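Chains, contacts and geometry: an overview
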Amino acid sequence: MAEAAKKIPLHTKILGGLVAGAVIGGTLNSVMGAGDPRLVFIADQITNPIGQLFLRLLLLLVIPLVFSSLVAGVAGLGDLRRVGRIGIKSLVYTLIISAISVVIGLTLANTIKPGKRIAPEIAAQLEARYSKDAAEKVTTATGGPKENDAPLLKVVKTIVPTNVFYSVGRETPDMLGLMFFAVFLGACLTMVPKETAAPLLSVLEAVFAATEVAIGVIMRLAPYAVFCLLFTMTARFGFGLLASLGWFVTTVLLGLAIHMFVVYSASVAFLSRINPLEFFRRIKTVMITAFSTSSSNATLPTALRVSEENLGVPRDINSFVLTVGATANQNGTALYEGVTVLFLAQLAGVDLSLGQQLMVVYLAILGGIGTAGVPSGSIPFIIVVLSQIGVNPALIAIILGVDRILDMCRTVLNVTGDLTIATYVARSEGAVLLQDTPQPAAVDL
């Protein structure tokens, strides 16, 4: 029995933990009630701390992983023209695919009209239930000092930090600032003599190798941590909330499914020249990790390993595209933001003109690029957009209860999108994908 358990692949164990946690937590919520002191104690004092420990351990490694892999990857490209070529391909792909995702979301929201289908009394109950959390998020998103910077200056301030150590020293690190510094440093290393750059690159390669080992150790806890994360969520909220917001949830999930299985399938088939079924089969561990952690950043270590080992993407391209993509390419987030803004506007009785909806498309694309790759990272952006189109930001309370489960789903789309970019760029640069690459192997736990 023990020997058979050791041969079970990691992704199967994670999926088992995910299903078990959701079923047990949801069942106890239905039988005991969300407010039962015993269930609250288990969720708050046992399962949530264990799940958060796993998530924070992964996030702990993101900064050294991103910095070391990105600097070494850019320096390894060896030619600034190649760095620029890969960067432009990644940016153009991201903008086009993000625009498609938002258009899909807005089309579905205008067709299904989920905001018109929710009963006013249920909306009032949900708003009252989550009003405290909503007030805190609105204050956080809108309470800071206002800057009347020109759009271009705002972009410069967002991307280029004045102090990279401050950028990464915050509770939610500024990943765009870190990545800009890493890319700039890596590009500069290509312009100095190899013997001068070698010591620094050796240190960074050692950091990357050590981080990979640490990730392997942490991922051994994944099945148990995923059980705890899903148990905590379903024990607190149950499955009843999904029924109350069924049309909204259905609209979001339908949009994500269309983008995943139609747009991404077409991309990997025609641009990467990979069989879509084979592509999805080889990245299933990444998809399950993304679903359970709700974080593109926390999934990055697994994505880097799977992309290189199972898809055959060269490490230098891998390091550049996936690390940048974890923050800058978030198609699922862009789609979700578009649907949510339209849903809440419909609920508030605000009819958005075509011009306003085009503005939502534009802002959602930018939001997808600039949103932090952490759980619920899109909420502050949605609040800001609601304020700009004349919808009460406090209405965000209505969707907070289902945001986490939808966050898990859209994170899968985000991370899958990063891998489609990596395969497209690798193929366009002449790499041979899926040839002589090892199959996903069983992981001994």
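Whatever comes next refers back to the structure up there.
Thresholds applied
- Residues numbered from 1 in each chain as written.
- Predicted model: local features only at pLDDT ≥ 70, side-chain atom pairs only at ≥ 80, totals over all residues.
- Heavy atoms only, no water.
- Helix = DSSP H or I, 4+ residues; strand = E, 2+ residues; numbered from the N terminus.
- Contact = heavy atoms within 4.5 Å.
- Areas by Shrake-Rupley, 256 points an atom, 1.4 Å probe, with all protein chains shown as cover.
- Polar contact = N/O pair within 3.5 Å; in protein donor to acceptor, adjacent residues only side chain to side chain.
- Buried < 20%, exposed > 50% of the residue type's maximum accessible area, 1.4 Å probe, protein only.
- Phe/Tyr/Trp six-rings, centres within 6.5 Å; stacked < 30°, edge-to-face > 60°.
- Axes fitted to C-alpha atoms, helices over the stretch in contact; angles between N-to-C directions.
- Parallel < 35°, antiparallel > 145°, perpendicular 65-115°, else oblique.
- Left-handed = near helix turned anticlockwise from the far one by under 90°.
- Nonpolar A, V, L, I, M, F, W, Y, C, P; charged D, E, K, R; others polar.
- Salt bridge = Lys/Arg side-chain N within 4 Å of Asp/Glu carboxyl O.
- 1 Å grid on protein atoms, 1.4 Å probe; cavity = no way out; pocket = protein on both sides within 12 Å on 5 of 7 lines; lining within 4 Å.
- Points joined across faces, edges and corners; volume = space filled by probe spheres on them.
- Core = buried A, V, L, I, M, F, W, Y, C linked by side-chain atoms within 4.5 Å.
- Bend = angle between axes of the 7 residues up to and from the residue.

1. Some words on the overall build of the protein
Scanning the protein from N- to C-terminus turns up 21 helices and zero strands. Once local pairs closer than 6 in sequence are excluded, the contacts in the protein between residues at least 24 apart make up 86%. As displayed, the protein has an accessible area near 19,500 Å², and 67% of this comes from carbon and sulfur atoms.

2. Notes on the side chain of Arg 282
For Arg 282, the position within the fold is in helix H14 (residues 276-282). Side-chain polar atoms of Arg 282 contact the side chain of Glu 278, separated by 2.6 Å. Of the polar contacts made by the side chain of Arg 282, one reaches the backbone oxygen of Asn 310; its length is 2.7 Å.

3. Observations concerning the side chain of Thr 302
Checked against the element boundaries, Thr 302 lands in helix H16 (residues 296-310). The class of Thr 302 is buried, set by a relative accessible area of 2%. In this structure, Thr 302 is in contact with Met 219, Thr 285, Val 286 and Thr 289, ignoring residues within four places of it in sequence.

4. Observations concerning the packing of aromatic side chains
Each aromatic ring pair is characterised by the separation of its centres together with the angle its planes make. Within this structure, the stated rule accounts for eight aromatic pairs. Between Tyr 93 and Tyr 424, the aromatic rings sit 5.5 Å apart at their centres with planes inclined by 25 degrees, giving stacked as the arrangement. Here Tyr 93, found in helix H4 (residues 80-112), pairs with Tyr 424, found in helix H21 (residues 397-428); they are 331 residues apart in sequence, far enough to count as distant. Judged by centre distance (6.3 Å) and plane angle (55 degrees), the ring pair of Phe 248 and Tyr 336 falls under tilted. With Phe 248 in helix H13 (residues 246-270) and Tyr 336 in helix H18 (residues 331-347), this pair connects stretches of sequence that are 88 residues apart. Note on Tyr 336: relative accessible area 0%, which makes it buried.

5. Some remarks on the packing of H4 against H18
Put simply, H4 and H18 touch, their axes get as near as 8 Å, and they point 30 degrees apart. Relative to H18, the element H4 is oriented roughly parallel. By crossing handedness, the relation of H4 to H18 is classed as right-handed. Contacts between H4 and H18 pair Thr 94, Ile 97, Ser 98, Ser 101, Val 102, Ile 104, Gly 105, Leu 106, Ala 109 and Asn 110 from the former with Asn 331, Ala 334, Leu 335, Gly 338, Val 339, Leu 342 and Gln 346 from the latter. For the contact of H4 with H18, the residue count by class is nine nonpolar, eight polar and no charged.

6. A short note on the environment of Leu 10
With respect to the secondary-structure elements, Leu 10 resides in helix H2 (residues 10-32). Relative accessible area serves as the criterion here: at 5%, Leu 10 is assigned to the buried category.

7. So, the pattern of salt bridges
What the rule picks out here adds up to eight salt bridges. Measuring nitrogen to oxygen at the nearest pair gives 3.9 Å for the salt bridge that ties Arg 305 to Glu 309. With Arg 305 and Glu 309 both in helix H16, this residue pair falls four residues apart, about one helical turn. Judged by its relative accessible area of 37%, Glu 309 is partly exposed. One network of salt bridges, in which partners are shared, links Arg 85, Lys 89 and Glu 429.

8. Brief notes about the environment of Tyr 362
Among the secondary structure elements, Tyr 362 is positioned in helix H19 (residues 354-370). The exposed category is assigned to Tyr 362, whose relative accessible area is 51%. A C-alpha to C-alpha distance of 9.8 Å links Tyr 362 and Ser 98, two positions 264 residues apart in sequence.

9. Quick notes on empty space enclosed by the protein
Inspection of the entire model under this criterion finds two cavities of 30 Å³ or more. Lining the second largest cavity are Ser 296, Thr 299, Leu 300, Ala 303, Leu 322, Val 415 and Asp 418. Going through the elements one at a time, H16 and H21 are the ones with two or more residues in the lining of the second largest cavity. Counting residues per element, the lining of the second largest cavity draws most heavily on H16, which supplies four residues. Per-class residue counts for the lining of the second largest cavity are four nonpolar, two polar and one charged.

10. Here we look at the nonpolar core
Of all hydrophobic cores here, the largest spans 116 residues; its most connected members are Met 219, Leu 230, Phe 248, Phe 279, Ile 283, Val 321 and Ile 399. For this core, the leading source of residues is H21, giving 15 residues. Every residue in contact with Leu 230, bar those within four places of it in the chain, is listed here: Leu 18, Gly 21, Ala 22 and Met 408.

11. Things to note about unusual backbone geometry
Notably, Lys 113 is not glycine yet its phi reads approximately 55 degrees, a positive angle. Following the sequence through the fold, Lys 113 ends up in the loop between H4 and helix H5 (120-129). Phi is positive for Arg 273, which is not a glycine, with a value near 55 degrees. As for its placement among the helices and strands, Arg 273 is situated in the loop between H13 and H14.

12. Concerning the environment of Asn 110
Along the polypeptide, Asn 110 turns up in helix H4. With relative accessibility at 29%, the residue Asn 110 sits in the partly exposed group. In sequence terms Asn 110 and Leu 342 are 232 residues apart; their C-alpha atoms lie 7.9 Å from each other. When neighbours within four sequence positions are excluded, Asn 110 is seen to be in contact with Leu 342, Gln 346 and Gln 357.

13. What to know about H16
Along H16, the helix axis deviates most sharply at Thr 302, where the bend reaches about 35 degrees. Among the residues of H16, Ser 296, Asn 297, Ala 298, Thr 299, Leu 300, Pro 301, Thr 302, Ala 303, Leu 304, Val 306, Ser 307 and Asn 310 are the ones counted as buried. Backbone geometry just after H16 places Gly 312 at a positive phi near 80 degrees.

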